[in-house]
There are 4 protein chains.
Amino acid sequence: MDIGLIGLGKMGGNMRERLRRAGHTVVGFDRNPDVSDVASLEELVEKLPSPKVVWVMVPAGDPTRQTVSALGDLLGEGDVVVDGGNSRWTDDQRHAGMLKEKSVGFVDCGVSGGVWGLENGYALMYGGDADDVAKVQPAFDALKPEGEFGAVHAGAVGSGHFSKMVHNGIEYAIMQAYAEGWELLEKADLVENVTEVFRSWREGTVIRSWLLDLLVAALDEDPGLSAIRGYADDSGEGRWTVEAGIEHAVPTPAITAALYARFVSRQDDSPAMKAIAAMRNQFGGHAVHTSAPPGGDAPSA
Amino acid sequence: MDIGLIGLGKMGGNMRERLRRAGHTVVGFDRNPDVSDVASLEELVEKLPSPKVVWVMVPAGDPTRQTVSALGDLLGEGDVVVDGGNSRWTDDQRHAGMLKEKSVGFVDCGVSGGVWGLENGYALMYGGDADDVAKVQPAFDALKPEGEFGAVHAGAVGSGHFSKMVHNGIEYAIMQAYAEGWELLEKADLVENVTEVFRSWREGTVIRSWLLDLLVAALDEDPGLSAIRGYADDSGEGRWTVEAGIEHAVPTPAITAALYARFVSRQDDSPAMKAIAAMRNQFGGHAVHTSAPPGGDAPSA
Amino acid sequence: MDIGLIGLGKMGGNMRERLRRAGHTVVGFDRNPDVSDVASLEELVEKLPSPKVVWVMVPAGDPTRQTVSALGDLLGEGDVVVDGGNSRWTDDQRHAGMLKEKSVGFVDCGVSGGVWGLENGYALMYGGDADDVAKVQPAFDALKPEGEFGAVHAGAVGSGHFSKMVHNGIEYAIMQAYAEGWELLEKADLVENVTEVFRSWREGTVIRSWLLDLLVAALDEDPGLSAIRGYADDSGEGRWTVEAGIEHAVPTPAITAALYARFVSRQDDSPAMKAIAAMRNQFGGHAVHTSAPPGGDAPSA
Amino acid sequence: MDIGLIGLGKMGGNMRERLRRAGHTVVGFDRNPDVSDVASLEELVEKLPSPKVVWVMVPAGDPTRQTVSALGDLLGEGDVVVDGGNSRWTDDQRHAGMLKEKSVGFVDCGVSGGVWGLENGYALMYGGDADDVAKVQPAFDALKPEGEFGAVHAGAVGSGHFSKMVHNGIEYAIMQAYAEGWELLEKADLVENVTEVFRSWREGTVIRSWLLDLLVAALDEDPGLSAIRGYADDSGEGRWTVEAGIEHAVPTPAITAALYARFVSRQDDSPAMKAIAAMRNQFGGHAVHTSAPPGGDAPSA
C-alpha cells in the first residue's frame, strides 16, 4: 500500500524502514529535510493515491494536535489519519470529531517496541471504525511482530491509546518490582554476585520476562550500575493511568508507587521531608540536617 | 548419583520423577506410604552410599526444622542436607550450625517452577560451601531447565533462600501490576475485548512475560474471571521480603502494595474502614452503612 | 451586612443561622420552599442592596455552574458572588471569567467545619481580589471561629478552594493513620481495652487532635464499631489532591493510600485480586476460592 | 514515693524534675557523674526503701537489656522495674520473665511528650500486673498531664510499649500527611503565603492538631524551611508497627508510606532508580543521567 508518515525520529524513521522492507510505498515527512522525502505536508498528501492513509508519529500534545488539524484541511472523504504517537486517549475523541466533519476517518494506535521494533516488529493496539482500520491493515500487518500476537483492534476510537497507556502503567510497576528486588539484594549483602542471580532467573522462574532480560543486559554493560544516576523521567502514560484509575475508582497502588518513585528520583531535596524534619525537631528536639550531607545514619529517633 | 528426597507432595513428587528421568537413583520418603519408597528416615539414610545427600522438600517452619534435626542424628561426616523448601533465610544459618556440629554439610536451595517444573525444569538458587554444593551438583543439573540459565550458586548458606524470597517478592508486584491493569481496562469500558488486548501483548511489547502468558490462559478458561473470588493467600516470602527491606532501609513500595492488597482481599470487612466511616459520621454527619450492602455509590462526601 | 445565601441544606442552613446570630441580614434561597426565604433567585437578588453579595452553597459541579451562570445574568457591576461549595479550583477561574464579563466579582471560599460549625465557627480559606474580598469580609468574620485562627485570604481566585482541597487530602491521610492504628491494636489482641488507649492519647501525646477526639466519641457510642460497615465514600477533594500532586510531580503516597483504601472499601469483590488468584492457580496449582467465603486462612502459598 | 531513675538524658532528666516538683524523692543514676545523684546502681538500690521501684530510661536494645539484667541481680521480692524507654514489646516478655524468677515485678511504659513533657506532662501507656502497676501509680500520676486523659493501663506486660509503638506509627503517617500537603501547596504556586494557610487551619478545621501547631511554629522560625535538609531518621517504632501489621495481616499503607519516605530521604542516590533508568535505556534508548545533576525535566519518555 501507499502510506504517508509524518515524523521521522527514532521511532518514525525505523517504522518507515520496516514498512519499506515489507514492500510498501512510504512518503515520509519531517521538519528535518535531511530525513524527509517531501518538502511539505501538502506535497506528502499530493503524492498519495486515494483513499489516502497518513500516519502521524509526532510528540503527543500540541505537535499532534496541529498536525491532525492541518491534515483535516488537506484530506477529504474516505481518507484516514492514524495517530501512532503517545496521545492521551481523551485527545482521540476530539481529533476524530474534528476530522469527521470533513468525512476523514481516524484511527488511534498505541505503538510499543522501542529501539527493538525495526527488527522484532512493533506491538500495535488500535481503535476506530472497522472501515477505517481496514484501510490501514496492510501497514499494521507489516509493522507488527511475526507470529500470532502483537496486534489488536481494541475497540472504538480511543481504545488503542487507552490500551497502550495501561500497558505503560503496567510496565512502570514491573520495572519497579525488579528495581526493588535488585536494591534489596545489593543492600542485604548476602548474595555474592547479584547479576548472576538475576541472570539465572531468565529461565524456569515465574518472573522471567523481556524486561528481566534487558536488566541483565544493562548489568552486564555496567556492573553495579555505578555509572548511572538514579534519575527517571516519566512520559505521561503512567500519570494518565493513575488518573484513569481515580476516575473509575480503581485502586492502582503498585503503578502509583512506581510513578511516585520516579517523581522522588528527580528531586534534589524533598520539601515534604523538610517538613517532617522540622516537626521532629519541634516536638522531640531531634537535630535537623542542614547543608552538608550526613556522614551516616544518625542514631536518634 | 544417589539422593534421598524427603517430602513427595506436589513439588517433591515431580522432582523425584525429573531426577529419575535424568538417570539418578532417588530414595524418596513421605509420611504417605502410598508414595514413599521407604518406611522411615532411617531406612532412607541406610540406603544411600556415602557421602549421603538428602534433599528436604517439606513445608517451611516446624516440619523442616524437625526433619533437619532428625537428619542431624542420622547423618555423619561429609554428608550433605539440602533444604529445598520455602524456609526463611534466617532458618538456614541455624540449620547449618546445628549440622556442622556433626560435620554434616548444609545447602539451602530456593526452587521455582510450580506445576510446570517437571517438564520445563526448576529454577534453582542455592547457597552453601563449594564442597557441599559440589556433592549436590548432579541433582541441580538434572532439575534445572535446559539452556544456559535457571540455576545459580548465589553465595554462602542462606543466600539461596534469600534470592528465592526476593524472587517471590518481585513476583507479587508483577502480578499486582497486571491485575491493576486488567481491572482498569475492564472498568473503563472503552476496550471491547480485554482478553484480546492482553493476548496481543504477548509479542513485541515491553511487558511480555511468562506471567502474562499465564494470565491470558486463565482468561481463556474463564472469560471475565467470573467464577473466581478475589481472594489471594500469601505464603510468607512476600512478608519476609518487606521485612528484609525494612531491616536494610530499602523501600519496597510496589512489593508492599501487592502484599497489602492480598491482606485486604481476605477481609470480609475492614476494621480500618469502619473507623474511617465512624470519623466521617462524627464530623460531617455522613451516614454510615450498616449490615446490608449499599445499592450503589453514595453521593455524599 | 446584607447577604444572599443560595442552598440551605445541612451546611447552608447552619451558616444562615450563624450569620443571623451575628446580626447580619440573610436572604436565603433553596429549592425547598419550607426553608427558603424567597421564591426565586430573582427575588433574592432584588432584596439585596448594592453592592450585592451572594454566597452560593450548593453541590459542586453542575449545580454550582448553573447557579453562578444564572447569577451572572441577574447581578451587575460591583456585585460579588462567593462560591462556598466544594468546587474544584479549576472551576473557579472559569466562573470568575464568566462573571468578569459583566463586571461582577468572584471569590472562592473553602469552608470546613461540618455539623460543628454552627457553634464553633467555620474555618474559611478564600481567594480573590482584595476589593471583592473586602465586600464579603463581615460575613467571613461572622462565620469564622472566635480566636486568631480559622480564616485566611489565600491568594487569587482558586486559591481558596485549592487550599481547602489540600486540607481535605491531609484529612484523608490523618483519618487513615488513626484507622490503621486502631485495626492493628484490635487485631494484635495485646491491649485489653483499645478505646481506653485511644482516649488516653487525647492529652500529652504527639498525636492529639480533633479527629482523635471524634474517633473516641464514636468508639464510646459503638464500642468495637460493630454496627458500622467498613464502607467509606469519597467526595472529590481526595481525588483532586492526588491529581494536583501528579500535575506538579509531587508524590502524595499517604494521601493516595487513604484514597485507594476508600475505593477498595466499596468493592464487593476485587477484580484485580481475581486476576491474582487466577495467575497463582495457573503457575502453582493454588486452589481458587469460588462463591462461598473461606472458612479461614488457607495454608498454601 | 521514693523512686530510682536510671538514665538522666533529655527525657530522664526532665522526668526527674517533674517527679520532684510533685514531691517525690528521686534517686537518679546516670553514667555521667555530673547529673547523677549516686555513683552506682548498687548505691541507687541501697537508697530506696522496700518495695523498691526503679524506672529505667535508657536507649532500647542492649542498654536496656543490660540494665534490667543488672537490676535483677540487685532487687528482690516485691520490687518493681519499670522500662520507660522505647523497647520493642517483644523485649518486655523476656525482661518480665527474667525478673519473675527473682520475684521482681515488671511494668513496661511507653512515654510520649518530648521536650514539652516537663511542663505539660508526659502521656503514659503502661502494661503489667495490677499489683506492680499500683506500686508505680504515684509516679504515673505525677508524670502524666493534668486533666482526665494522658495515662492508661493498657493491659498485660508488653501492652504499654505496643500501644506506644502504634502511637508512633500513627504519628509517622500524620506527619507525612501534613508534609505532603505542604509540598503540594508550595509547588502548585497558587497560594500566596502557604504558612498563613497552615496557620488558619489551627482553628475550626477537621485537621487541627498539636502537630499542625508545631509545623506552623517551625514555619515561623524558618519560612520555607530553607535551612533544613529533607532528611529524616526513624527510631524503630515505625518499622515495628509495619512489622506488627504484617504479622497480623493488617495493611498499614499510610504508615508504611511514611516510613519509606524517610528511608528514601536518607539516600544520596537510589539504587532502585538506577535500575529503572538502566531498563529504560535498554528498551527505549532513553538517555541516562550520569554524574552531574540534570538542568531540568528531560522531555523524553
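Keep in mind the model is a prediction, meaning the values are calculated, not measured.

Moving on, we get to the overall build of chain A. In terms of helices and strands, chain A carries 12 helices and 7 strands. For the C-alpha atoms alone, the extent of chain A along its principal axes is close to 75 × 45 × 40 Å. Per-residue burial over chain A gives 64% buried out of 301 residues. Pairs at least 24 apart in sequence give 64% of the contacts found in chain A among residues at least 6 apart. Entry remark: accessible area of chain A is about 10400 Å², with carbon and sulfur atoms responsible for 47%. Side-chain charges in chain A split into 26 positive and 44 negative, and the spacing between the mean points of these groups amounts to 2 Å.

Our focus in this paragraph is the interface of chain C and chain B. The interface of chain C with chain B comprises 66 residues on the first partner and 66 residues on the second. Counting the surface lost from both chain C and chain B, the interface buries some 5700 Å², and carbon and sulfur atoms represent 60% of this. On the surface where chain C and chain B come into contact, there are 0 salt bridges. For the interface between chain C and chain B, the tally reads 20 residue pairs in polar contact (both at pLDDT 80 or more). Contributions of two or more residues to the side of chain C that touches chain B are made by helix H7 (159-188), helix H9 (210-221), helix H11 (253-265) and helix H12 (271-284) of chain C. The dominant element in the side of chain C that touches chain B, judged by the number of residues it contributes, is H12 of chain C, at 13 residues. Tallied by class, residues from the side of chain C that touches chain B come to 34 nonpolar, 17 polar and 15 charged.

Take the relation of the copies chain C and chain B next. Under the fitted operation, chain C is carried onto chain B by 0.0 Å of movement along the axis and a turn of 180 degrees, and the coordinates agree to an RMSD of 0.0 Å. Within this description, the copies of the chain are treated as partners about a two-fold rotation axis. Residues of chain C ranked by C-alpha distance from the rotation axis are headed by Val264 of chain C, positioned 4.2 Å from it. Comparing contact sets, 100% of the residues at the interface of chain C also lie at the interface in chain B, consistent with an isologous, same-surface contact.

Residue and element names in this part refer to chain C. Spatially, S2-S1-S3-S4-S5-S6-S7 is the arrangement adopted by the 7 strands of the open sheet, whose pairing is mixed. Where the open sheet ends on each side, the last strands, each with one partner, are strand S2 (25-29) and strand S7 (151-155). For this sheet, the mean inter-axis angle between neighbouring strands, taken without regard to orientation, is 25 degrees. Pairing geometry for strand S3 (residues 53-56) and strand S4 (residues 80-83), over 4 bridges, is parallel. Counterpart to Val56 in the pairing with S4 is Asp83. This element, H7, spans S4, strand S5 (105-112), strand S6 (123-127) and S7 of the sheet and lies at about 15 degrees to S5.

Residues and elements named next belong to chain A. Parsing chain A into structural domains produces domain 1 (2-157) and domain 2 (165-265). Domain 1 and domain 2 are separated by 30 Å when their C-alpha centres are compared. Counting residues at the interface gives 6 residues for domain 1, matched by 9 residues for domain 2. Across the domain 1/domain 2 interface, buried area totals approximately 670 Å², and carbon plus sulfur atoms make up 65% of it. Summed over the three residues of domain 1 that lose the most area to domain 2, namely Arg88, Trp89 and Trp116, the buried surface amounts to 62% of that side. For the interface between domain 1 and domain 2, the tally reads 1 salt bridge. A salt bridge links Glu243 to Arg88; its shortest N-O distance comes to 2.7 Å.

For the rest of this paragraph, the subject is the confidence of the model for chain A. Residue and element names in this part refer to chain A. Residues with a pLDDT of 70 or more make up 96% of chain A, whose mean pLDDT is 94. Long-range and interchain partners of residues 291-301, a stretch whose pLDDT sits below 50, account for 21 contacts in this model, where long-range means more than four residues apart. In the predicted assembly, ipTM is 0.94 and pTM is 0.95.

Let us now look at helix H1 (residues 10-21) of chain D. Residues and elements named next belong to chain D. Relative to the 16 Å expected for 12 residues at 1.5 Å per residue, H1 spans 17 Å between its end C-alpha atoms, a close match to the ideal helical length. Every buried residue belonging to H1 is among Gly12, Gly13, Met15, Arg16, Arg18 and Leu19, and all of these are buried. The inward-facing, buried residues of H1 abut strand S1 (2-6), strand S2 (25-29), strand S3 (53-56), strand S5 (105-112), helix H5 (117-120) and helix H6 (130-143). Among the residues trailing H1, Gly23 stands out with phi positive, at a value near 95 degrees.

Let's shift gears to the pairing of strand S5 (residues 105-112) of chain B. Residues and elements named next belong to chain B. Within S5, 8 of the 8 residues are buried, leaving the element largely enclosed by the surrounding structure. Covered by surrounding structure in S5 are Gly105, Val107, Cys109 and Val111 together with Phe106, Asp108, Gly110 and Ser112, the residues of both alternating faces. For the segment spanning strand S4 (residues 80-83), helix H4 (residues 89-100) and S5, crossover handedness is right-handed.

Between chain D and chain C, the contact holds 66 residues from the first and 66 residues from the second. Roughly 5700 Å² is buried in total at the junction of chain D and chain C, and carbon and sulfur atoms are behind 74% of that figure. Sorting the residues of chain D by area buried against chain C places Phe149, Leu184 and Val206 of chain D first, and these three jointly supply 13% of that buried surface. Connecting chain D to chain C are 13 residue pairs in polar contact (both at pLDDT 80 or more). Sorting the residues of the side of chain D that touches chain C by element identifies strand S6 (123-127), strand S7 (151-155), helix H7 (159-188), helix H8 (194-200), helix H9 (210-221), helix H10 (237-247) and helix H11 (253-265) of chain D as the ones contributing at least two each. Counting residues per element, the side of chain D that touches chain C draws most heavily on H7 of chain D, at 19 residues.

Another point: the packing of helix H9 (residues 210-221) of chain B against H12 of chain C. The axes of two packed helices give the description: the angle between them and the distance between them. Packing of H9 of chain B against H12 of chain C brings their axes to within 9 Å, and their N-to-C directions diverge by 105 degrees. Judged on the interaxial angle alone, H12 of chain C and H9 of chain B are roughly perpendicular. On H12 of chain C, the residues touching Trp210, Leu211, Leu214, Leu215, Ala217, Ala218 and Glu221 of chain B of H9 of chain B are Ala275, Ala278, Met279, Gln282 and Phe283 of chain C. Looking at the contact of H9 of chain B with H12 of chain C, its residues break down into 10 nonpolar, 1 polar and 1 charged.

Attention now moves to the pattern of salt bridges. Scanning the entire structure with this criterion turns up 64 salt bridges over all chains. Here Arg16 of chain B makes a salt bridge to Asp37 of chain B, at a shortest N to O gap of 3.0 Å. Taken as a pair, Arg16 of chain B in helix H1 (residues 10-21) and Asp37 of chain B in the loop between strand S2 (25-29) and helix H2 (41-47) lie far apart in primary sequence, 21 residues in all. On the basis of relative accessibility, which here comes to 13%, the residue Arg16 of chain B falls in the buried class. Judged by its relative accessible area of 33%, Asp37 of chain B falls in the partly exposed class. Residue Asp234 of chain C is joined to Arg239 of chain C by a salt bridge in which the shortest nitrogen-to-oxygen separation is 2.7 Å. What makes Asp234 of chain C buried here is its relative accessible area of 10%. Owing to a relative accessible area of 18%, Arg239 of chain C belongs among the buried residues under this scheme.

Turning to the nonpolar core, a few remarks are in order. With 236 residues, the main nonpolar core has Phe198 of chain C together with Phe198 of chain D as its most contacted residues. The residues touching Phe198 of chain D, leaving out its near neighbours within four places in the chain, are Ile170 of chain C together with Tyr178, Gly181, Trp182, Leu185, Leu212, Leu215, Val216 and Leu219 of chain D.

This next bit is on the side chain of Ser270 of chain C. Residue and element names in this part refer to chain C. In this structure, Ser270 sits in the loop between H11 and H12. Taking the relative accessible area as the measure of exposure, Ser270 reaches 14% and is therefore buried. A distance of 3.0 Å separates the side chain of Ser270 from the backbone nitrogen of Met273, its partner in a polar contact.

For the rest of this paragraph, the subject is the side chain of Arg262 of chain D. Tracing the backbone through its elements, the reader meets Arg262 of chain D in helix H11. The side chain of Arg262 of chain D sits in the buried core without any salt bridge; Glu171 of chain D is the nearest counter-charge, 5.4 Å away.

Turning our attention to the pairing of S6 of chain C. All names here are of chain C. Within S6, 5 of the 5 residues are buried, which leaves it mostly tucked inside the rest of the structure. Residues Ala123, Met125 and Gly127 of S6 are buried on one face, and the alternating residues Leu124 and Tyr126, pointing to the opposite face, are buried as well. Of the pairings in the sheet, the one linking S5 to S6 comprises 5 bridges and is antiparallel in character. Bridge pairing in S6 links Asp108 to Gly127. Direction of pairing for S6 relative to S7: parallel, over a ladder of 4 bridges. Bridged to Met125 within S7 is Val152. In the classification by handedness, the crossover that spans S6, the intervening helix H6 (residues 130-143) and the parallel S7 is right-handed.

The next subject is the sheet that holds S3 of chain D. Residues and elements named next belong to chain D. The strand order S2-S1-S3-S4-S5-S6-S7 describes an open sheet built from 7 strands, whose pairing is mixed. On the outer flanks of this sheet lie S2 and S7, each paired with one strand and no other. Mean inter-strand twist for the sheet, computed between neighbouring axes without regard to direction, equals 25 degrees. Here S1 runs beside S2; their pairing, made up of 5 bridges, is parallel. Looking at the pairing, Gly4 lines up with Val27 of S2. With respect to the sheet, H6 is in contact with S1, S3, strand S4 (80-83), S5, S6 and S7, its orientation differing from that of S5 by roughly 30 degrees.

Reading the values: rules and limits
- Residues numbered from 1 in each chain as written.
- Chains lettered and ligands numbered in written order.
- Predicted model: local features only at pLDDT ≥ 70, side-chain atom pairs only at ≥ 80, totals over all residues.
- Heavy atoms only, no water.
- Helix = DSSP H or I, 4+ residues; strand = E, 2+ residues; numbered from the N terminus.
- Buried < 20%, exposed > 50% of the residue type's maximum accessible area, 1.4 Å probe, protein only.
- Contact = heavy atoms within 4.5 Å.
- Areas by Shrake-Rupley, 256 points an atom, 1.4 Å probe, with all protein chains shown as cover.
- Lys, Arg positive; Asp, Glu negative; His and termini not counted.
- Charge placed at Lys NZ, Arg CZ, Asp CG, Glu CD.
- Buried area = accessible area lost by both parts, 1.4 Å probe.
- Salt bridge = Lys/Arg side-chain N within 4 Å of Asp/Glu carboxyl O.
- Polar contact = N/O pair within 3.5 Å; in protein donor to acceptor, adjacent residues only side chain to side chain.
- Nonpolar A, V, L, I, M, F, W, Y, C, P; charged D, E, K, R; others polar.
- Least-squares fit on C-alpha atoms with pLDDT ≥ 70 in both.
- Pairing = 2+ DSSP bridges.
- Axes fitted to C-alpha atoms, helices over the stretch in contact; angles between N-to-C directions.
- Domains from an automatic or database assignment.
- pLDDT = per-residue confidence, 0-100.
- Expected span 1.5 Å × (residues − 1).
- Right-handed = clockwise from strand over helix to strand, strands pointing away.
- Parallel < 35°, antiparallel > 145°, perpendicular 65-115°, else oblique.
- Core = buried A, V, L, I, M, F, W, Y, C linked by side-chain atoms within 4.5 Å.

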